[in-house]
Structures are given as structure tokens and as C-alpha cells.
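One letter stands for each residue in the lines below.
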Amino acid sequence: MCLFIENFSVGYSGKYTLKDLTIKFSKGFNLIIGDSGSGKTTFLKALCHLLDYKGKIYFKDKRLSEAWVRENCKLMIQSGYYTEETIISTVKKPFELKYNRGRTFDEKMFRELFSLFRLDKFSSNESVKRLSGGELQRIALIRALLLKPKILLADEPTSNLDNKVSKEVYRFLKEYCKSRVCIIVSHDPIAKEFSDKLFYFSKKGFVDYG
Amino acid sequence: MAKPIGLNGLIISYLVLTVLFAVSYMEKLRIEKDIFVSYLRMSVQLFLAGFVLIYVFKIDNTIINVIIFLFMILFASRIVVDRSGVKIKNATLFIFLSIFISSVVVLVVLIFGIVHLHKLNARYFIPLAGMVIGNSMNSTAIGIERFFSKIKDNRSKIEDLMGLGATEEEAVSFVKGEALKAALLPTFASASGMGIVFLPGMMTGQILSGVDPTQAVYYQIVIVVAIGATVCLSNYIMIKILSSRLKFYLTYSGI
């Protein structure tokens, strides 16, 4: 199982941030690090079809359609999450979307992650307004994980978390990613300890395999 | 028949404009030039419209009527783009299509179903189309501006939903409602004030020109409902088209 990206170019308003990128991601925890402004976030957004791009993407040697990506590739963005009134309604929101209708909400997994990521001081019916930035970030991560996508993308998933919780998150991700392709962008040194493969994005737009 | 106003009446009316110039001068608003240009434009445009309408009513050719109708929508679409300040590709085309589809649907019902005409009689078609298109123009300008400013304010939330699998339409659904409401509210507010707060222009015009007030009221109700339907439909179609191109705007329009 691998994700192959060929001649991939993307950018805003006609200016390319990444140009003619060819890169392969295997099953497991792929960590992307690199300079700020090198296009890591733009890369994840384009992979998830939030932006238009040029190039081809293959998964298990099959060219990906937009519908396939919407259904099977999920992205956790860095900040500014969409929320509903309560924690539980926020976490359940994606299951109302057209491309997630075949999925069922895994209550047991939700409880486990809620406790593992140290959110159990809250009731699931708590208003999201009471959450701090770091707590909301963990809710956003749980929300993406519960969808159990074939490809998981996450942009700085632990940027607002302390080392203890970060470690729990990456330990969990290491296991979770054994059965799927995960591409995680992170500057957190803890992430390196748990990653299977490291990629480096430089400002010039090319990729080094570390 | 209405009592004719005559040239003297028109000159006195223009003299009333000195109030505007006086306020602008005393309060140092420096908008004297704008006032002059606006009222000059209004006068020239109306004289021209009156002049053209004399011939259009006399010829009363369906093809010419339809061409005038298309020109009116094209002009309205250009004004919406200019007024809303939205800089997106093909904006004029999308607004044109939205106003065109909605006004055709409503005008067909109005002209053939309610007024019971057998052809597009210029004397009815042009003024009715003008009212419907004019109101759509005002509301789509609000609708498109609000839609894009809300997308700008909520970009990360929209991206968050798309990242979780939302279609472009699902991702903007919480923004769509607000833009639609903002576009429709002035039309409803104006409808609810009619008859008590003010007498609408068309009804006033008809009564002044000697039409039985009951008939004037009937016409006014029909046109207000038609305007409401067109305004609603044109904004709905426009936002539907724009929503389906969200990814393109996120990538290329600097939102």
C-alpha cells in the first residue's frame, strides 16, 4: 500500500510553492519536517483536494479521483477548526457529510481516545467554548482519527500540547498508522522518535529523504 | 390622465436640488461634484430611456424586446460586479445566468399566467422586466459580497470541513445561509412596510396617471411577489454556482 505522487505542482494565485514534485509515501507514519514557507501545509491541503494542483496521485497504482479522496483521505488542519455546540456534536459532525455516510461512529474508540488524550475531565456534552486551544486541537485530532481513513494527513497536530500529551498522541499514531498511510507535518522533536520515515521540505521546494 | 408637469415644473424640481448642494457646502462634505454628476446621469438616462421606449412601444417587435431584456440583465450584472467589489473570474457570467434564469421563470408566469398577454408586449414586458431585474441586481450585489466576505472570515473552518470529507457545497453551507438571508431581508422588509410606511413607486405612478386604485393595488401585489420570487431565486442560483467552484476560488482568488 503506497501513495505515489508524480509531477506535483501547487501554489496560490498562479505562483507555485511546490513545483514538479515526485514523491512516494509508504504505509506507516511518514513525518514531514522543513523550513517554514516551504509548502508543507499547501502540500497537505492540495493532497486532500482543498486546492487545485497539477500532477498525478496514485494509491495502490490506481489514479485517484476527487470523490475517492473526499471519501478516503482526511486532513486535520493546524488551527481554526469548525465546531458545533458541544464536544460530541463536533466530533460527530463529519459523519453527517455525504462522503462519510458509510461510516459508523465508533463510541468505544471515542471513549478510549478521549481518555488517552487526557480530556476525561470533560463530559462529552460540554460546550466547546470551554475548551482551550490545546484541548480543541485534541478534539480535532480525535475527530479525524474516528473516520479511520485510508490516508491520514495532519498538520502540526501537537503544536499546542505539552510533551506528555504529545508523546501519547504520537505513540497512538505509530500504532494507528500501521494499517494506513499517514503523512504528518510536525516540528515537534517527539514526532521524530515515533516516525517510520522522514521527509524534508526545503524553501526551494524540493524534498530530501532523511 | 395625470396632470402634465411641463418644463417649468421640471426646472423647479431641479432647483430643489440646491438643498443637497447647500448641505454639502455647509458641512464641507465636498460631494457637490458627485451630486451634480449623479443627477445629470439620472436625467440623461431617463430622457434616453423615455425616447427609446417611445420607439420600442411603437415597433413592439418580440426579438427587439428580448434583446433589450438581455441588455438590461448584462448591464445589471456588470453593476453587481462593480458595486460588490468581488474580483473573481467569470463573475459577470454567473450573475447574468442567475438573474436570467430567475427572471425568465417569474416573468413567464407573470406575463402569460397573470396578466394574460399572448405575446411579449413591450408596454408590459419591458417595465415589468426592469423592476424584477433591478431588484435582483440590488440583492445579488449584497449576496455575492456577503458570500465572499464570509468565506474569507471563515476560511479555516471551511477548509477543516473539506479536510474531513465535505463537498464544496457542504463546506460552505453555514456561510451560504447567512449570505442568502442578508440578500433577501431588504426585499421582505420593504414588502412589509408597503402601504403604511410608503406607497410604492409603481402604484403611485399608476394612481397619478389615473388608474383605479384597486387595479393599482392588484398590480402592486403581483409585482412585489414577483420581485420576492426573482430575488430569492437569483441569489439561490448564484450562490449554488459559486459554491460549486469554491476550490478554484480558494486556490486562485486570494480569498
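The shown structure was predicted, so the numbers you read here are calculated from the model rather than taken from an experiment. (Residues numbered from 1 in each chain as written. Chains lettered and ligands numbered in written order. Predicted model: local features only at pLDDT ≥ 70, side-chain atom pairs only at ≥ 80, totals over all residues. Heavy atoms only, no water.)

> Is there a simple way to think about empty space enclosed by the protein in this case?
Rolled over the atoms, a probe as big as a water molecule pinpoints where empty space is left. All names here are of chain A. Under the criterion given, the structure shown has 1 cavity of 30 Å³ or more. Reported here for the largest cavity is a volume of approximately 30 Å³. Considering the residues around the largest cavity, the lining is formed by Leu3, Leu47, Ile57, Leu64, Val69, Cys73 and Ile151. Taken together, the residues of the lining of the largest cavity sort by class into 7 nonpolar, no polar and no charged. (1 Å grid on protein atoms, 1.4 Å probe; cavity = no way out; pocket = protein on both sides within 12 Å on 5 of 7 lines; lining within 4 Å. Points joined across faces, edges and corners; volume = space filled by probe spheres on them. Nonpolar A, V, L, I, M, F, W, Y, C, P; charged D, E, K, R; others polar.)

> Sorry, what's going on with the pairing of strand β2 (residues 15–26) of chain A here?
Two faces make up the sheet, and in a regular strand the side chains alternate between them. Residues and elements named next belong to chain A. For strand β1 (residues 2–12) and β2, the ladder comprises 8 bridges, and the chain directions are antiparallel. Counterpart to Cys2 in the pairing with β2 is Ser26. The turn joining β1 and β2, which pair antiparallel and follow one another in sequence, is formed by 2 residues; a positive phi near 45° is taken by Ser13. (Pairing = 2+ DSSP bridges. Helix = DSSP H or I, 4+ residues; strand = E, 2+ residues; numbered from the N terminus.)

> Help me out: how do you make sense of a nonpolar patch on the surface in this one?
Residue and element names in this part refer to chain B. Taken together, the side chains of Phe36, Val37, Leu40, Val44, Leu48, Phe51, Val52, Ile54, Tyr55, Ile59 and Ile64 make up a nonpolar region of the molecular surface, amounting to roughly 1,000 Å² of accessible area. Ranked by residues supplied to the nonpolar patch, first place goes to helix α3 (residues 32–59) with 10 residues. Tracing the backbone through its elements, the reader meets Val52 in helix α3. Looking at Val52, the relative accessible area reads 40%, which means it is partly exposed. (Patch = residues over 30% accessible without salt bridge, like charges linked within 9 Å, V, L, I, M, F, W, Y side chains within 5 Å. Areas by Shrake-Rupley, 256 points an atom, 1.4 Å probe, with all protein chains shown as cover. Salt bridge = Lys/Arg side-chain N within 4 Å of Asp/Glu carboxyl O. Buried < 20%, exposed > 50% of the residue type's maximum accessible area, 1.4 Å probe, protein only.)

> I keep staring at the state of the cysteines and nothing clicks. Help me out?
As used here, a disulfide is simply a covalent bond connecting the sulfur atoms of two cysteines. Residues and elements named next belong to chain A. Applying the stated criterion to the full structure yields 1 disulfide over all chains. Two residues, Cys177 and Cys182, share a disulfide whose sulfurs are 2.1 Å apart. Taking the sign of the S-S torsion, -95° for the link of Cys177 and Cys182, the bridge is left-handed. The burial state of Cys177 is the same as that of Cys182; both residues are buried. Take Cys73: it sits in no disulfide, and the sulfur closest to it among the cysteines is that of Cys48, at 4.0 Å. (Disulfide = S-S within 2.5 Å.)

> Is there a simple way to explain the domain arrangement of chain B in this structure?
Interface extent is often summarised as the accessible area lost during association of the parts. Residues and elements named next belong to chain B. Domain boundaries assigned for chain B yield domain 1 (1–59) and domain 2 (60–252). Of the residues lining the interface, 7 residues belong to domain 1; the matching set on domain 2 comes to 11 residues. Summed over both partners, the interface of domain 1 with domain 2 buries about 670 Å², with 70% contributed by carbon and sulfur atoms. Linking domain 1 to domain 2 there are 0 salt bridges. The interface formed by domain 1 and domain 2 contains 2 residue pairs in polar contact (both at pLDDT 80 or more). In terms of residue class, the side of domain 1 that touches domain 2 is built from 6 nonpolar, no polar and 1 charged. (Domains from an automatic or database assignment. Contact = heavy atoms within 4.5 Å. Buried area = accessible area lost by both parts, 1.4 Å probe. Polar contact = N/O pair within 3.5 Å; in protein donor to acceptor, adjacent residues only side chain to side chain.)

> How should I be thinking about the interface of chain B and chain A in this particular structure?
Every contact between the two is made by 21 residues of chain B and, on the other side, 31 residues of chain A. For the chain B and chain A pair, buried surface summed over both sides reaches about 2,200 Å², with 55% attributable to carbon and sulfur atoms. Taken as a group, Asp160(B), Leu164(B) and Lys247(B) account for 30% of the area that chain B buries against chain A, more than any other trio of residues on that side. Connecting chain B to chain A are 4 salt bridges.

> I keep staring at the sheet that holds strand β5 (residues 62–63) of chain A and nothing clicks. Help me out?
All names here are of chain A. Judged by pairing direction, the sheet is antiparallel, and its 4 strands sit side by side in the order β2-β1-β4-β5 without closing on themselves. Only two strands of the sheet have a single neighbouring strand rather than two, namely β2 and β5. Docked against the sheet, helix α1 (residues 40–47) engages β1, β2 and β4 (54–59), running at close to 115° with respect to β1. (Axes fitted to C-alpha atoms, helices over the stretch in contact; angles between N-to-C directions.)

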